[in-house]
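Letter by letter, the chains look like this.
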Amino acid sequence: MRKETKLIAIIVIVGISVASIGYLLYFNQTVERETLVISTTTSLYDTGMLDSIKETYESVNDQVILAFISAGTGIALENARRGDADMILVHSPLQELAFMQESYGVNRKIFAYNFFTIVGPSTDPAGVLDLVPLDALNAILSYGRINNETIWVSRDDASGTNTKEKGLWTTAGYNYTELSDEDWFISSGTGMGTTLNLADERSLYTLSDIGTYLKYKSEGLIQLDQMVEEGETLLNVYSAIIVNKTTVPTVKYTAAVEFLQWLVRESAQQLIGEFGKDAYGAALFHPAVSIIETELPVLIYQWIHNSAFFDSGGTLYECPPAWQDGDYDLFT
Amino acid sequence: MGVIELRDVTVDFDSTKALDRINIRAEPGEMLSLIGPNGAGKTTALRVMAGLLEPTKGEIFYNNERLSGADLIKLRKRSTLVFQKPAVFSTSVFKNVAYGLRVRDVSESEIEKRVKDALKQVELYTLKERFARNLSGGEQRRLCLAMGIVTEPEILYLDEPTAYLDSESTQIVEAVLKELNKEKRTTIVISTHNIMQAENLTRRAILIQNGTVQRTGLTSEILRDQLETLVFDDTTRNIFSGSAEFTNGLHSGMRLASIKLNDDVSIDAITDRDGKVTVRIPPEDIVVSLGSVLSSARNTLKGRVSDISLEDAMALLTVDVGVNLVAQITRSSLENLRVALDDEVDVTFKASSVRVY
Amino acid sequence: MSLESEIVEITLRALSISGLAALVAAGIGLPIGVVLGMYKFRGRDAVTGVFRALMSMPTVALGLLLYLAFSRAGPLGFLELLYTPLALIIGQAILVIPIMISITSETIVSVDPSIRELSRTLGADERAAAASVLRESLGGVVLALSASFSRAISELGVALMLGGNIQGLTRILTTSIALETTRGEIALGLGLTVILLVLMVVFNLMLNQAEKRVRWWLWE
């Protein structure tokens with residue numbers, strides 16, 4: 001039975017060596033360094049901007065690993081509520097407000113913005129080119145109803161982009177749920193990239209964040225054209241919220257605050273503003289911190305102020321004082 | 001040279017009785033067969049005798065010594081069962097045969113020698129390095145026999161040793177068994193539903209049916225009395241009852257009788273019996289020809305081919321000569337004969353080929 | 001970090017995470033499989049039936065269940081495992097343990113009883129007979145290992161939900177393929193797919209060779 005012993009010995013040795021190699025490669029870094037889990041949205045993550053933020057931040061702060069979990073805004077917020085994320089980067093003011101009212105979040109900082117856009121086939125069957133967004137939606141809807149053909153695709157996945165789309169239809173005077181039953185209107189139920197591919201394949205219009213659209217367009221994956229101009233109705237505001245340590249005691253609060261402080265700093269803001277210029281010919285995101293501090297340029301500041309600030313006692317705040325925590329020099 | 005005895009052994013599987021109070025005794029150095037139809041309990045009886053299965057009730061004696069459940073390993077060290085369905089280990093032929101010696105801590109040089117002997121006996125020595133599972137069915141059966149005999153058991157049990165076996169392997173296996181019994185005086189117990197094999201190999205037989213011993217006695221006597229009830233499968237062919245009548249003739253100095261199978265058909269056979277008999281004409285002893293051939297054989301009958309069936313390298317021709325006679329010929333001779341259904345043919349066989357019971 | 005070195009890192013990580021998962025699954029699943037295969041007891045069929053059903057557990061479903069368990073708000077939240085490589089290993093191990101158990105026990109059941117009877121009648125005691133059964137089951141154990149590793153390295157649901165596809169930490173081949181595809185980096189996704197397929201083929205070929213060696217060695 002010497003053989004059995006030998007066999008067991010070999011199995012044990014192989015097991016231990018694989019385990020220790022694995023440990024050396026990947027685990028000790030999590031032991032030495034703190035992992036900051038940040039739940040974020042696909043539109044932010046899929047552009048690759050957060051990868052360059054991660055790389056830069058980890059090079060100046062080697063005690064932290066930035067762990068971005070990319071999901072829709074809905075699941076990102078849920079992650080934070082369950083205590084699985086220390087911080088969130090999202091773009092859905094209404095959902096953010098609810099999140100903070102449930103006292104899950106503190107120290108909200110708007111750190112970037114860009115615009116949603118309505119894209120469609122270059123033949124522009126519904127004739128929406130250069131219309132203002134709400135008129136464009138109306139034109140698409142009438143075209144679809146009259147011709148009784150599929151013309152619009154919605155993500156319908158409770159993402160930030162989808163929330164925005166619902167808001168736009170509401171503003172235009174329609175009920176999203178009712179529209180989604182009509183023949184010209186289909187739901188993809190997936191992320192932005194897949195939805196853009198679908199729209200491209202079937203010559204449909206859709207609402208897209210500018211980042212994903214530019215990336216797909218510049219790489220020749222889609223032929224869709226941008227149909228409408230940037231404007232207040234299509235504003236897309238990204239904010240960072242730290243998970244409230246009173247509600248979720250396990251949160252890595254200090255590390256989260258440190259990262260937030262870095263994110264709103266000039267150097268990081270510059271990085272955000274530059275990202276994508278080389279690759280896509282245009283910036284995918286615009287830094288927002290200095291605009292809010294200086295209230296300049298006025299027009300953009302007004303748009304952000306009107307659409308993404310929260311009301312507290314009749315005044316609009318980026319982050320109402322009650323939800324500002326600690327003195328980290330984050331708010332003016 | 002071992003003696004095994006089962007006394008009032010009962011084996012229950014779940015709620016069914018596989019064996020019901022059976023008594024079996026194999027005498028030292030004898031060859032004994034357990035005959036009976038499939039499912040009669042022959043295999044179960046062998047497994048109990050070989051120490052692989054503890055009976056529900058009853059006693060086992062080995063060399064006249066009573067064994068308890070814990071002693072079964074002793075039984076297994078001194079006797080071996082060769083299964084009907086060949087089971088081999090996934091390794092070389094040589095190592096398969098060596099297994100029984102390795103578990104007995106036999107020295108390597110001794111293993112080398114004994115494995116070689118055993119493999120030569122079953123004519124597999126040239127294949128000793130081959131992967132056992134890649135052998136043909138017949139070769140695997142012979143390998144199993146070698147695995148069994150290499151340990152030089154005092155009793156060797158074989159479960160249906162030649163069922164579904166090709167004729168070459170059958171001859172080798174039967175020769176090995178006879179040799180083993182003669183040279184080493186090994187007690188051999190086989191189970192078989194092939195009564196011809198029992199007749200050919202063993203002097204004594206035990207008839208088992210429905211888990212009980214129906215009869216114990218000389219094989220030839222059991223066959224004589226009960227041949228027709230002992231035909232358990234269609235591999236046993238050409239069995240007829242008839243009445244024998246002395247013809248005053250002699251054949252090679254032996255008594256020749258004419259046996260009337262029915263009103264139309266009579267055949268010559270060598271026997272000293274008269275009156276009601278059972279005969280069997282081995283299909284392989286029957287020659288089929290188109291038109292009569294010159295032959296010293298006493299029996300030549302004319303008939304029409306009523307069926308042709310193919311089995312491996314062999315063909316079975318059924319010829320209606322007044323009774324249905326089955327002849328076994330090789331496929332190549334079938335092709336040479338160019339015989340088709342309904343053709344008229346001659347069948348020829350010797351008087352000495354006819355077995356009379 | 002350059003693209004090449006990142007791909008190498010992701011590949012190594014996928015290999016070691018899924019390799020460890022398969023090893024852990026083997027450590028737990030093999031003994032259970034052996035017991036289920038070797039011993040008859042009341043309810044054995046029910047147990048093997050359950051494990052066989054679990055073999056086809058959808059990975060996202062298991063991912064969701066484990067996410068709820070490992071989440072801070074979940075019963076195992078205190079372990080702080082969510083979004084770590086360890087969580088991935090555990091998740092994938094749980095995913096493939098039923099495969100390990102089912103194939104192992106199935107093999108042993110099909111080997112037994114003929115091999116056990118053969119060994120016993122050739123004079124082996126119960127323990128040596130059991131050893132023979134195990135030795136004959138080697139092919140099945142290797143198959144179980146290979147199937148486990150292949151399923152672990154090619155699954156996506158558990159890796160996404162428990163690992164979170166964190167760059168440098170829990171990003172593995174399948175999560176990268178999913179990510180690069182949504183990012184529109186189809187070529188990169190395709191390249192990673194090729195790597196994954198090549199790895200699986202190479203691994204299984206190596207395993208087959210290893211099986212032959214081990215078989216030869218077991219009979220020395």
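This text goes with the structure placed above it.
Residues numbered from 1 in each chain as written. Chains lettered and ligands numbered in written order. Predicted model: local features only at pLDDT ≥ 70, side-chain atom pairs only at ≥ 80, totals over all residues. Heavy atoms only, no water.

Asker: Whenever I open this one, the packing of helix α6 (residues 133-147) of chain A against helix α7 (residues 160-171) of chain A confuses me. Can you help?
Answerer: When two helices pack together, their arrangement is given by the angle between the helix axes and the distance between those axes. Residue and element names in this part refer to chain A. Where α6 contacts α7, the axes come no closer than 10 Å and their chain directions differ by 85 degrees. Here α7 runs roughly perpendicular to α6, going by the angle between their axes. Residue-level inspection shows L134, L137 and L141 of α6 in contact with α7, the latter providing L168, W169 and T171. Classifying every residue of the contact of α6 with α7 by side-chain character gives 5 nonpolar, 1 polar and no charged. (Axes fitted to C-alpha atoms, helices over the stretch in contact; angles between N-to-C directions. Helix = DSSP H or I, 4+ residues; strand = E, 2+ residues; numbered from the N terminus. Parallel < 35°, antiparallel > 145°, perpendicular 65-115°, else oblique. Contact = heavy atoms within 4.5 Å. Nonpolar A, V, L, I, M, F, W, Y, C, P; charged D, E, K, R; others polar.)

Asker: Teacher, can you tell me more about the sheet that holds strand β18 (residues 324-330) of chain B here?
Answerer: Adjacent strands of a sheet pair through backbone hydrogen bonds, lying either parallel or antiparallel. Residues and elements named next belong to chain B. With antiparallel pairing, 5 strands are arranged side by side in an open sheet as β15-β19-β16-β17-β18. Looking at strand neighbours, the two that pair on one side only are β15 (287-289) and β18, the edges of this open sheet. Across the sheet, the axes of successive neighbouring strands diverge by a mean angle of 45 degrees, strand direction being ignored. (Pairing = 2+ DSSP bridges.)

Asker: I tried to follow helix α3 (residues 49-60) of chain A on my own but got confused; where do I start?
Answerer: Helical periodicity: at 3.6 residues per turn, an α-helix aligns residues three or four positions apart in one direction. Residues and elements named next belong to chain A. Look at α3: 17 Å from first C-alpha to last across 12 residues, which is about the 16 Å you get at 1.5 Å a residue. M49, L50, D51, I53, K54, Y57 and E58 are the residues of α3 that are buried. Buried residues along α3 sit against β1 (34-41), α2 (42-45), β2 (64-71), β3 (87-90), α11 (253-263) and α12 (266-274). (Expected span 1.5 Å × (residues − 1). Buried < 20%, exposed > 50% of the residue type's maximum accessible area, 1.4 Å probe, protein only.)

Asker: Got a minute to help me understand the sheet that holds strand β6 (residues 79-82) of chain B in this structure?
Answerer: Residue and element names in this part refer to chain B. Pairing within the open sheet is mixed, and its 6 strands lie in the order β6-β7-β8-β3-β9-β10. With one partner strand each, in any of the chains shown, β6 and β10 (212-218) form the two edges of the open sheet. Taken over all neighbouring pairs, the strand axes of this sheet differ in orientation by 15 degrees on average, direction set aside. The pairing of strand β9 (residues 204-209) with β10 spans 6 bridges and is classified as antiparallel. When the sheet's bridge partners are listed, Q209 is paired in β10 with T212. Contacting β3 (31-35), β9 and β10, helix α8 (residues 219-226) runs over the sheet at an angle of about 115 degrees to β10.

Asker: Help me understand the side chain of A:T117 in this model?
Answerer: Here A:T117 shows up in strand β4 (residues 105-120). Setting aside chain neighbours within four positions, we find A:T117 in contact with A:T206, A:L207, A:S208, A:I210, A:Q226, A:V228 and A:L234.

Asker: For this particular structure, what's the right way to read the interface of chain C and chain A?
Answerer: Reports often express the size of an interface as the amount of accessible area lost when the parts come together. With 39 residues of chain C in contact, the opposing surface of chain A contributes 36 residues. Counting each side, the surface lost to burial between chain C and chain A is near 3200 Å², with a carbon and sulfur contribution of 56%. Of all residues in chain C, C:R72, C:R183 and C:W217 give up the largest surface area on contact with chain A, accounting jointly for 22% of the area buried on that side. Our enumeration of links across chain C and chain A arrives at 2 salt bridges. Between C:R183 and A:D51 there is a salt bridge; the shortest N-O distance is 2.9 Å. Taken together, chain C and chain A are joined by 17 residue pairs in polar contact (both at pLDDT 80 or more). Counting only elements with at least two residues in the side of chain C that touches chain A, the list comes to α1 (3-38), α3 (59-70), α4 (85-111), α6 (126-136), α9 (173-182) and α10 (186-218) of chain C. Class assignment for the residues of the side of chain C that touches chain A results in 19 nonpolar, 11 polar and 9 charged. (Buried area = accessible area lost by both parts, 1.4 Å probe. Salt bridge = Lys/Arg side-chain N within 4 Å of Asp/Glu carboxyl O. Polar contact = N/O pair within 3.5 Å; in protein donor to acceptor, adjacent residues only side chain to side chain.)

Asker: Could you clarify how one ought to interpret the interface of chain B and chain C in this entry?
Answerer: Contact with chain B, which involves 26 residues of that partner, is made by 20 residues of chain C. Of the roughly 1900 Å² buried between chain B and chain C on both sides combined, carbon and sulfur atoms contribute 56%. It is B:R76, B:F89 and B:Y99 in chain B that bury the most area against chain C; as a group they hold 31% of the surface buried on that side. If you look at where chain B meets chain C, you find 3 salt bridges. One salt bridge in this structure joins C:E126 and B:R76, with 3.6 Å as the shortest N-O distance.

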